[in-house]
Amino acid sequence: MTATGAGGMGRPAGRPPRQAVIMTGLLIALALSGLIYQAGVALERTLFNAAFYRALSAELELPARGQAYLLESLFREENGLVLPESLLKRAVTAAVSREWLQEQSDAMIGEFVAFIRGERERLLLAVDLRQPEAVLKRELIRSLSRQHLEQLALTEAFVEDFMEELDLPDHLIVVDAASPESLGAEAAQALRLIRRAR
């Protein structure tokens, strides 16, 4: 049975007009495009955005927590320290300051975001230890002078020897992945999906 239109042309009963089908399809496509665009914008503002990670780091107070953890680990026991613990703790606190930790964190976040965006195939996260080493040395010398500990033979020359014995590297490698595959099959697959989603 057919319904008769104005021009006498018939169409099956119960079937919507062609324009309605096209319009419905366009609306669905538009809605899907909007959702995909919103998801893309959300990814660019979060997962692929260094500012997102930096804000998260600040909100979680990661530099302060990192500094506290480091000091607690270093000074959990006396370990036969040559220098007084209070003196060493002040020097280490100055050397590994929250500001310095924040700088290192920001640099690593930048490298990480470039990696997940696909701008780099190697993920190298390293901490530059040259500045804290210089600060540690300066603070130890200053503290020794101020506290007049020369009678214990803890002079500037002693500090020089102490720093040489520490033999700190210029950089501490946190992560060194030559390629996404070197992170492991599951991590590499997740990274490919993230990059494809972008």
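Predicted model only: the values in this text are computed from it and were never measured. (Residues numbered from 1 in each chain as written. Predicted model: local features only at pLDDT ≥ 70, side-chain atom pairs only at ≥ 80, totals over all residues. Heavy atoms only, no water.)

Asker: Is there a simple way to think about a negative patch on the surface in this case?
Answerer: Taken together, Asp161, Glu164, Glu165 and Asp167 make up a surface patch of like negative charges. Looking at the element boundaries, aspartate 167 is found in the loop between helix 7 (156–166) and strand 4 (171–177). (Patch = residues over 30% accessible without salt bridge, like charges linked within 9 Å, V, L, I, M, F, W, Y side chains within 5 Å. Areas by Shrake-Rupley, 256 points an atom, 1.4 Å probe, with all protein chains shown as cover. Salt bridge = Lys/Arg side-chain N within 4 Å of Asp/Glu carboxyl O. Lys, Arg positive; Asp, Glu negative; His and termini not counted. Charge placed at Lys NZ, Arg CZ, Asp CG, Glu CD. Helix = DSSP H or I, 4+ residues; strand = E, 2+ residues; numbered from the N terminus.)

Asker: Even after reading the chapter, I still don't get helix 3 (residues 62–74), so can you show me in this structure?
Answerer: An α-helical segment advances 3.6 residues per turn. Residues three or four places apart therefore align on the same side. A rise of 1.5 Å per residue sets the reference length of helix 3, with its 13 residues, at 18 Å; its end C-alpha atoms lie 18 Å apart and thus fit the reference within 8%. When we look at burial in helix 3, the residues that qualify are Pro63, Gln67 and Leu71. Along the long axis of helix 3, the arc covered by the buried residues comes to 65°, so they all point the same way. Those residues of helix 3 that are exposed and aimed more than 90 degrees away from the buried face are Arg65 and Tyr69. The elements touched by buried residues of helix 3 are helix 2 (50–59), helix 4 (85–95) and helix 5 (98–117). (Expected span 1.5 Å × (residues − 1). Buried < 20%, exposed > 50% of the residue type's maximum accessible area, 1.4 Å probe, protein only. Arc of directions from axis to C-beta. Contact = heavy atoms within 4.5 Å.)

Asker: Teacher, can you tell me more about the pairing of strand 3 (residues 123–128) here?
Answerer: Successive side chains on a regular strand alternate, one facing one side of the sheet and the next facing the other. What you see with strand 3 is a clean split: Leu123, Leu125 and Val127 sit on the buried side and Leu124, Ala126 and Asp128 on the side with no burial. The sheet contact formed by strand 3 and strand 4 spans six bridges and is antiparallel. If you follow valine 127 over to strand 4, its bridge partner there is leucine 172. (Pairing = 2+ DSSP bridges.)

Asker: When you look at the packing of aromatic side chains in this model, what are you seeing that I'm missing?
Answerer: Given two aromatic rings, their pairing is described by the distance between the two centres and the angle made by the two planes. Counted according to the given criterion, the structure contains two aromatic pairs. If you follow arginine 195 out to its NZ or CZ, it ends over the ring of phenylalanine 115, 5.4 Å from the centre. (Phe/Tyr/Trp six-rings, centres within 6.5 Å; stacked < 30°, edge-to-face > 60°. Lys NZ or Arg CZ within 6 Å of the ring centre and 35° of its normal.)

Asker: What am I meant to see in the packing of helix 3 against helix 4 here?
Answerer: Each pair of packed helices gets described by two things: the angle between the helix axes and the distance between those axes. Remark: helix 3 packs on helix 4, axes separated minimally by 11 Å, with the N-to-C direction vectors making an angle of 150°. What the angle tells us is that helix 3 and helix 4 run roughly antiparallel. Judged by the sense of rotation from one axis to the other, the crossing of helix 3 with helix 4 is right-handed. Along its contact with helix 3, which presents Gln67, Leu71 and Leu74, the element helix 4 presents Lys89, Val92 and Thr93. Across the contact of helix 3 with helix 4, the residue classes break down as three nonpolar, two polar and one charged. (Axes fitted to C-alpha atoms, helices over the stretch in contact; angles between N-to-C directions. Parallel < 35°, antiparallel > 145°, perpendicular 65-115°, else oblique. Left-handed = near helix turned anticlockwise from the far one by under 90°. Nonpolar A, V, L, I, M, F, W, Y, C, P; charged D, E, K, R; others polar.)

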